[in-house]
Amino acid sequence: MNLEELYSYAKKFGFVFPSAEIYGGFSGFYDFGPLGVELKRNIESLLWKRFVTQKNFVVGIDGSIITHPEVWNASGHTKNFSDPVLKCEKCGARFKADSFIEDLNNGPVEDITEFVNSHDLKCPNCGGSLKFTGRANLMFETVVGTKDKSYLRPETAQLIFINFKQVLNSFKINVPFGIAQLGKSFRNEISPRDFLFRLREFNQFEIEFFVDPEEANNCPYFDGIKDKSIQILTREAQKEGGKAKTVKLKDLQDRATKWHLYWLWEFYSFFVELGIKPENLRLREHLEDELAHYAKACFDIEYKFPFGWKEIHGCAYRSDFDLKQHQSFSKTKMEVFEQAKNKRYIPHVIEPSQGIERAFLAFMFEAIEDDRLKLSKELSPIKVAILPVFNREPFLEIADKLFKEITNKGYSSMIDVRGPFVKRYDYHNKIGTYLTLTLDYQSLEDGSFVIRLRDKDEFIRTKDINQIFEMLS
Ligand SMILES: [Zn+2]
């Protein structure tokens, strides 16, 4: 299934709609429908559970979307958060120059201006000439009150940095620790494209993991994962046009610290455990010239989309750059004092950054198979659909009782009496429902029902609802 087909599928079954479609849509914005919102929330709550609830050394915050404009001066966003723009001389269409050229060149180019000058670039819409028109800042501006300019946050990360001291002072947590945030971010993309892949409004889950720079290799979990294998496209391979190779995590220690590798492995495992095949995932090491001057290393986790290997996760070692910037702009000390070491320092930061919509897209592509959407039970929008063969009492009464028992356990469910019964299995295969329960005449006699597993076409008659809970747990 290609991107266009997945888009139609997602729209047809109520996962994702173009925003404001009755007004012709709005480029770079999408709305989630009844099934999409469930899948999206499942991704979000699984991330939160795994990386905040279940990690004793990570806490969460929920920061504001519009904040003090000085935050974005300190972070460098007002100055540097921009993309190079190509503009069509004939129709005025604008394109993100680096991606446009990357697609033409089948890979990154070193000097964009030089490439534009030495090639006769044509507009894909009208054939007009494309010219380089400088850079455009990607932040959405807004006015606060009557005259103060501010921005919608382009990332969740900065809200974590500006709350670093507050968390430290109020929660008394010791370094190393992480602060996580999940929520909306906004980027005024020049040419949003590829459905949910590049959006103007999207959701992010980011962790800033604070560590003593001298302890970045002191990760107590590394021994347990050092022999795990992972596919990586190294810098050298990218320069030489080579392929990704499979290595052990311990072989990457000259490229990244142990804590950095730990976070990469954690997010990689998140995808694998929820159903993505390892052969469809790889790490890509950033090239030296892709790295910001303060960053020590950065890796993407890429997914093999039908439109190529693309980033679905980024994890950077950002040194103490952000905290230092905020210290200098706000005049607030960002140091920690460790009594045990009698040491005062600004922690370094490892930043796993996860786009929710990109994960959504990868999970959808991975799960689509012929006539069914094989989402894992954790991701499945509807865990249990209850299908009474007839839309009348006393079938509905039994259905209602089961519905309450299932949803009281926290599992999503629906009583589906829509359309002819024979088509309902097929429908629930297509939307990824994990289990269906059929209520028939025998159900009236002995209180039994028939469980059907989506991927097995297996039918089990039982009276015991706990069997369902066992299958879902
Ligand atoms: Zn044009």
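Summary of the structure given here. Everything numeric in this text was worked out from a predicted model, so none of it was measured. (Residues numbered from 1 in each chain as written. Predicted model: local features only at pLDDT ≥ 70, side-chain atom pairs only at ≥ 80, totals over all residues.)

With that out of the way, let us pick up the overall build of the protein chain. The number of helices and strands found in the protein chain is 17 helices and 25 strands. Against the compact-globule benchmark of 23 Å for 473 residues, the protein chain has a radius of gyration of 25 Å, which places it among compact chains. C-alpha atoms of the protein chain, sized along the principal axes, occupy 75 × 65 × 55 Å. The proportion of buried residues among the 473 residues of the protein chain is 35%. Considering only intrachain contacts with a sequence separation of at least 6, the fraction spanning at least 24 residues in the protein chain is 66%. (Helix = DSSP H or I, 4+ residues; strand = E, 2+ residues; numbered from the N terminus. Rg over C-alpha atoms; globule rule 2.2 N^0.38 Å. Buried ≥ 20, exposed ≤ 12 C-beta atoms within 10 Å, placed from the backbone. Contact = placed C-beta atoms within 7 Å.)

This part takes up the sheet that holds strand β10 (residues 201-211). Judged by pairing direction, the sheet is mixed, and its nine strands sit side by side in the order β3-β9-β10-β18-β15-β14-β13-β11-β12 without closing on themselves. The sheet terminates laterally at β3 (58-61) and β12 (245-248), the two strands that pair on one side only. Neighbouring strand axes in the sheet, compared pairwise and without regard to direction, differ in orientation by 30° on average. Relative to β12, strand β11 (residues 229-233) is paired through four bridges, and the arrangement is antiparallel. (Pairing = 2+ DSSP bridges. Axes fitted to C-alpha atoms, helices over the stretch in contact; angles between N-to-C directions.)

In an α-helix, one full turn covers 3.6 residues, which means residues spaced three or four apart are oriented alike. A rise of 1.5 Å per residue sets the reference length of helix α2 (residues 34-53), with its 20 residues, at 28 Å; its end C-alpha atoms lie 27 Å apart and thus fit the reference within 8%. If you check which residues of α2 are buried, you get L35, G36, E38, L39, K40, N42, I43 and F51. (Expected span 1.5 Å × (residues − 1).)

Ranked by internal contacts, the top residues of the largest apolar core, which has 96 residues, are L264, F360 and L437. Counting residues per element, this core draws most heavily on helix α11 (residues 258-273), at ten residues. Built from parts of two domains, this core gets at least three residues from each of domain 1 (3-81 + 138-369) and domain 3 (382-472). In this structure F360 touches L39, K40, I43 and L196, once residues within four positions along its chain are discounted. In terms of nonpolar packing, the next biggest core, distinct from the first, is built from nine residues, C88, F95, F100 and I101 among them. (Core = buried A, V, L, I, M, F, W, Y, C linked by C-beta atoms within 7 Å. Domains from an automatic or database assignment.)

The residue after V175, namely P176, is reached through a cis peptide bond having omega 5°. Summarising the element assignment, P176 is placed in the loop between α8 (164-171) and β9 (177-186). With an omega dihedral of 0°, the bond running from E393 to P394 counts as a cis peptide bond. For K331, which is not glycine, the phi torsion reads 60° and is therefore positive. Within the secondary structure, K331 sits in the loop between α12 (321-330) and β16 (336-338).

Contact pair α2 / helix α13 (residues 356-367): the axes reach a minimum separation of 10 Å and the direction vectors enclose 115°. As summarised for this structure, α2 and α13 are arranged roughly perpendicular, according to the angle between their axes. You can see that α2 and α13 cross each other, and the crossing is right-handed. Two secondary-structure elements touch here, α2 through L39, K40, I43 and E44 and α13 through I356, A359 and F360. Along the lines of polarity and charge, the residues of the contact of α2 with α13 split into five nonpolar, no polar and two charged. (Parallel < 35°, antiparallel > 145°, perpendicular 65-115°, else oblique. Left-handed = near helix turned anticlockwise from the far one by under 90°. Nonpolar A, V, L, I, M, F, W, Y, C, P; charged D, E, K, R; others polar.)

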